[in-house]
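Reading the structure
Here is what each chain is made of, one letter per residue.
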Amino acid sequence: MGRFLSLKLAFKDLKHNRKSSLYIISVIAAICLPMIVLFSLRDGYVSLFKEWLEKTTPAKQLGINIKMGDTNKITNATIKQWNDSLDLKMVIPHIQRTGFLPRKKGSDLRMDFISTLEGNPEMKRLGMEKVGNADFGIYLPKEKKKELDIDTVNHLIKVIFDRGGRRKSINIPILGYFNSNQNDAYLSLRLMQYYEKWTNGYSINDNEMQIQLPADASRESALGDLVYDSINIFKIVGFDNRIINQIQEDERIFIAKNRTDNLFYLSCKKAIKFSDFDIETLESQFSSSYNAVAIPHVQSLRLNNLDLASSSKHDPRFQYLLERGNWISGTQSRFEVVVPATYAKSYTINDRIALKINETEVQCLVVGFHNQKNDLAYIDYETLARLKQVEQGLAKVDPIGEKFEPNEEIDYEDYPVSTAMVHVSDLEGVVPSYDFFVRQNYDIPQSSISQINHYLEIKEMLTKFVLLLTILSAIACILSLLVLMMEIIRRKSAEIGINKVIGIDEGFINRIFISQAIIYGLLGMLLSLVIFFLIRTLGESDQVNSFFGLDMEGANIFQLKLDSLLFILCLIVFVSWFAGWRSTNATKNIDPADIIIKN
Amino acid sequence: MTSSYKISNLSYTYPKKQNEKSFVLGPLSFSIPKGKITFICGRSGSGKSTLLAFMGLLRTEYEGEILIDGLNAETLKSKKKELYEYRLENIGFALQKGRLLPYLTVEENSTFILNYLKNSPEEIKEKSQNLFQKLFKIEIDEDKEKGGEHDSYSRILNSLPEDISGGQYQRAALARALINSPKIILADEPTGNLDVNSGEHAMNLLKNYLEEKPESTIVVVSHDLEYARLYADKIIILKKGDISVEIEKVDSNQWEGSGINISNDDLDSFLNSKIKDNG
């Protein structure tokens, strides 16, 4: 018999006593079956709810926005860090711009172009039909086919980019269609990045779709128009309160706050920035009505020991801030600064202060001293915004020529974005991912977090309920098996006695009974599984599905997941081991001498 | 002559039952010679099975001293594991009702100890084949007579205990006792359920075993004086917990001991008179 002797003896005994073994196995099966059915109902309900949630909502997609004024944009390095920390299926840098598609009849169709990547889970959810296979092209809503007169043979479409009325059209391949009647179209990320760069002043080589630098005579313009999160509006004499109402009527403006009696702070709406054009508009509005000055606000930048703060030559604050010298004017240098009066000990007017940014030293020209007791140095807002681009590695500065130019060493793909669409691998991972992004100080305006929490609550409730019944089943299983095993041991006391007489130790004898209990447990579970799979076929009937309120096609409420099966298996092994182990206490009381004396 | 067992002042008081006098075994002092068959005879309740349980180290709550090949059984009292191991390796038990495991075949029952001791299949085959051929010689001879090739023999080896005759069952139990070549065989009524032929066959097998292994010792507990007269080298008669006779064979016709000399012819009547309650 060799190895695993106790196990083999247990099997042989079980086979020899088929009838009583079958009875014990049936008892275990009767206890296991309700447990398996309950687990399957819980697994089925949870799984179908999850499937419904994933099909009908973009539940696993989180729209991540950087916060207003946050200088840490989303780059490939950021995305890599997210992928390392979370279980994500895909992160798509989000770029969204308005463009046009030519219609069969009438004017061009205004569309929102959104960046996408090959295999975008959201498009799969929208039933995407692939017609092309490339990473450069457009995905269109199925319902717009007719309107756009799309030729199914020729998979090229003319796409019109728009930049403040200036248009450019290119022919690009159609990669697929998805179910939607919205005016949304997905463009491959690379194409959207071209669009973005073109918007920022680059030119596009139509044939090769390559970005060419520099696009314009002035390389600085290739860095794109500056955009601002907020604007300070200054007026030395107090504002009329009516201005607040007037400002808040402007749809772009998110908040207007009276900080001091000579300053309004305007912050723009999410995802919309103030452009130079906006500032001019606002300024003309305020200067005519209120004699106020609008200066874009750029968050301060600390270089050496100075915090560079945004100002301009029109800044009215010089009237009470300037102690000596002149306010910045831009006539001598774009790096003119007004420094604290304490600096007068070391510097005089027209001295240069070297401020190091990245590896370059910028020689700032001291034009005046202000009376504030801090480390603020006022500098032109546009220069400050450009310096910030240098700090982020997007631009390089030539301090001699006082010029900024694009940093051509930047990898094209590293061009940072403010928004990304994050696709989480599993629904269970959405809440931890959501919390992660909140902790990282991102805005998450798009999420199905409340629905997911509802799903998780139901899942937890069902799990608790099933676990409670499982504990009761386990106790019933232990008690039944314990009683049956003790009866077996009682009936086998002579066999146990003779084994002890010939010198077989108690541990070995006990192992036979423990093995037997485990075999009974496993066979009982196997029998209940067979019965369960017969019951499961009932789940395929429409009547049963309607009883459980399911109207999903092909749905079966009886589903047993592998982890549930493994859990039940481990539980049964433990329960039967425990019952076997406890029952072997009875073998201790069997006296081998009785075999001879009581013969 | 060397002794296998040397028992001095062994005594044991049975737990008192209601309305009964307490029964005391001993004090007993005797020795069991090595290389001989010793019969311990007595009527039911004389204490012979209890004595066998002490000699087989199945019980240790006695007073007095038991030396087995010079080893004081007292030293094993508190060491359960060593006690079991000692019994497993040195003592073979041949019991009246065999007590084979009902779910194992005759061969599996007989070789169970070897499997338990993790002997290799080759070792098991080597140890069992010779023994089986002696124990089941009757079946092998039958097969030869029929010109078959070990048909009944192999059938018996592969049968469950419930499917064989009483004699075959007893021989299978004997095989289990002898398979590990123990130096002491303790047989409790080995002929108890058997007809005369089967009983003699079983006793001859024990005798053959002793001839092959003259360093071993066989102790037979029996109430049957006929088998004692035929096969014993020493006879001890227990009566009400005490030794009433302890005699040894001095030659093929003469017995000595307990201060008497007795011939084979008178042995039966002598033993019968000593075993009776009023004797």
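Residues numbered from 1 in each chain as written. Chains lettered and ligands numbered in written order. Predicted model: local features only at pLDDT ≥ 70, side-chain atom pairs only at ≥ 80, totals over all residues. Heavy atoms only, no water.

1. Considerations on the environment of Leu-101 of chain A
Residue and element names in this part refer to chain A. Considering the arrangement of structural elements, one finds Leu-101 in strand E3 (residues 96-101). Look at Leu-101 and you get buried, because its relative accessible area is 0%. Separated by 59 residues in sequence, Leu-101 and Ile-160 have C-alpha atoms that sit 6.1 Å apart. Apart from the residues lying within four places of it in its own chain, the contact partners of Leu-101 are Asp-108, Leu-109, Met-111, Phe-113, Ile-138, Leu-140, Leu-148, Ile-157, Lys-158 and Val-159. (Helix = DSSP H or I, 4+ residues; strand = E, 2+ residues; numbered from the N terminus. Buried < 20%, exposed > 50% of the residue type's maximum accessible area, 1.4 Å probe, protein only. Contact = heavy atoms within 4.5 Å.)

2. A short note on the confidence of the model for chain A
All names here are of chain A. Mean pLDDT for chain A: 83, with 85% of residues reaching 70 or above. When pLDDT is averaged over each element of chain A, strand E21 (residues 336-340) comes out on top at 95 and strand E11 (residues 210-212) at the bottom at 48. Low pLDDT (under 50) marks residues 211-217, which in the prediction has 17 contacts with non-local residues, meaning those over four places away or in another chain. (pLDDT = per-residue confidence, 0-100.)

3. Things to note about the interface of chain A and chain B
Listed by partner, the interface residues are 28 residues for chain A and 29 residues for chain B. Across the interface of chain A and chain B, roughly 2900 Å² is buried in total on both sides, 64% from carbon and sulfur atoms. There are three salt bridges connecting chain A and chain B. Of the charged contacts, one joins Lys-12 of chain A and Glu-108 of chain B as a salt bridge, the two residues approaching to 2.9 Å between their closest N and O atoms. Viewed at the interface, chain B and chain A are joined by eight residue pairs in polar contact (both at pLDDT 80 or more). Secondary structure elements with two or more residues in the side of chain A that touches chain B: helix H1 (5-16), helix H13 (493-502), helix H14 (506-536) and helix H18 (593-597) of chain A. Of all the elements, H13 of chain A adds the most residues to the side of chain A that touches chain B, at seven residues. Within the side of chain A that touches chain B, the residues separate by chemical class into 14 nonpolar, five polar and nine charged. (Buried area = accessible area lost by both parts, 1.4 Å probe. Salt bridge = Lys/Arg side-chain N within 4 Å of Asp/Glu carboxyl O. Polar contact = N/O pair within 3.5 Å; in protein donor to acceptor, adjacent residues only side chain to side chain. Nonpolar A, V, L, I, M, F, W, Y, C, P; charged D, E, K, R; others polar.)

4. Looking at unusual backbone geometry
All names here are of chain B. With a phi close to 50°, Asn-9 is a non-glycine residue in the positive phi region. Checked against the element boundaries, Asn-9 lands in strand E1 (residues 3-13). One non-glycine residue with positive phi stands out, namely Leu-57, at about 60°. Tracing the backbone through its elements, the reader meets Leu-57 in the loop between helix H1 (48-55) and strand E4 (63-68).

5. Here we look at the packing of aromatic side chains
All names here are of chain A. In the structure shown here, the tally under the stated rule is 26 aromatic pairs over all chains. Their ring planes at 45° and their centres at 6.1 Å tell us that Phe-49 and Trp-52 sit as a pair that is tilted. Linking Phe-49 with Trp-52, this pair stays in helix H2 (residues 18-56), spanning three residues, or about one helical turn. Between the aromatic rings of Tyr-343 and Tyr-347, the centroid separation amounts to 6.0 Å while the plane-to-plane angle is 20°, which identifies the pairing as stacked. Among the aromatic residues, those joined into a cluster by ring pairs are Tyr-45, Phe-49, Trp-52 and Tyr-455. The ring of Phe-100 carries the charged tip of Arg-167 above its face, separated from the ring centre by 3.8 Å. (Phe/Tyr/Trp six-rings, centres within 6.5 Å; stacked < 30°, edge-to-face > 60°. Lys NZ or Arg CZ within 6 Å of the ring centre and 35° of its normal.)

6. Remarks on the nonpolar core
The biggest cluster of nonpolar side chains holds 55 residues, and the ones touching the most others in it are Leu-9, Leu-481, Ile-504, Phe-508, Tyr-520 and Ile-568 of chain A together with Phe-112 of chain B. Elements that contribute at least two residues to this core include exactly H1, H2, helix H12 (449-491), H13, H14 and helix H16 (562-583) of chain A together with helix H4 (112-116) of chain B. The dominant element in this core, judged by the number of residues it contributes, is H2 of chain A, at eleven residues. Every residue in contact with Leu-481 of chain A, bar those within four places of it in the chain, is listed here: Ile-24, Ile-28, Ala-517, Tyr-520, Ser-576 and Ala-579 of chain A. (Core = buried A, V, L, I, M, F, W, Y, C linked by side-chain atoms within 4.5 Å.)

7. Thoughts on the pairing of strand E6 (residues 138-141) of chain A
Direction of pairing for E6 of chain A relative to strand E8 (residues 166-178) of chain A: parallel, over a ladder of four bridges. When the bridges of E8 of chain A are listed, Tyr-139 of chain A appears paired with Gly-176 of chain A. (Pairing = 2+ DSSP bridges.)

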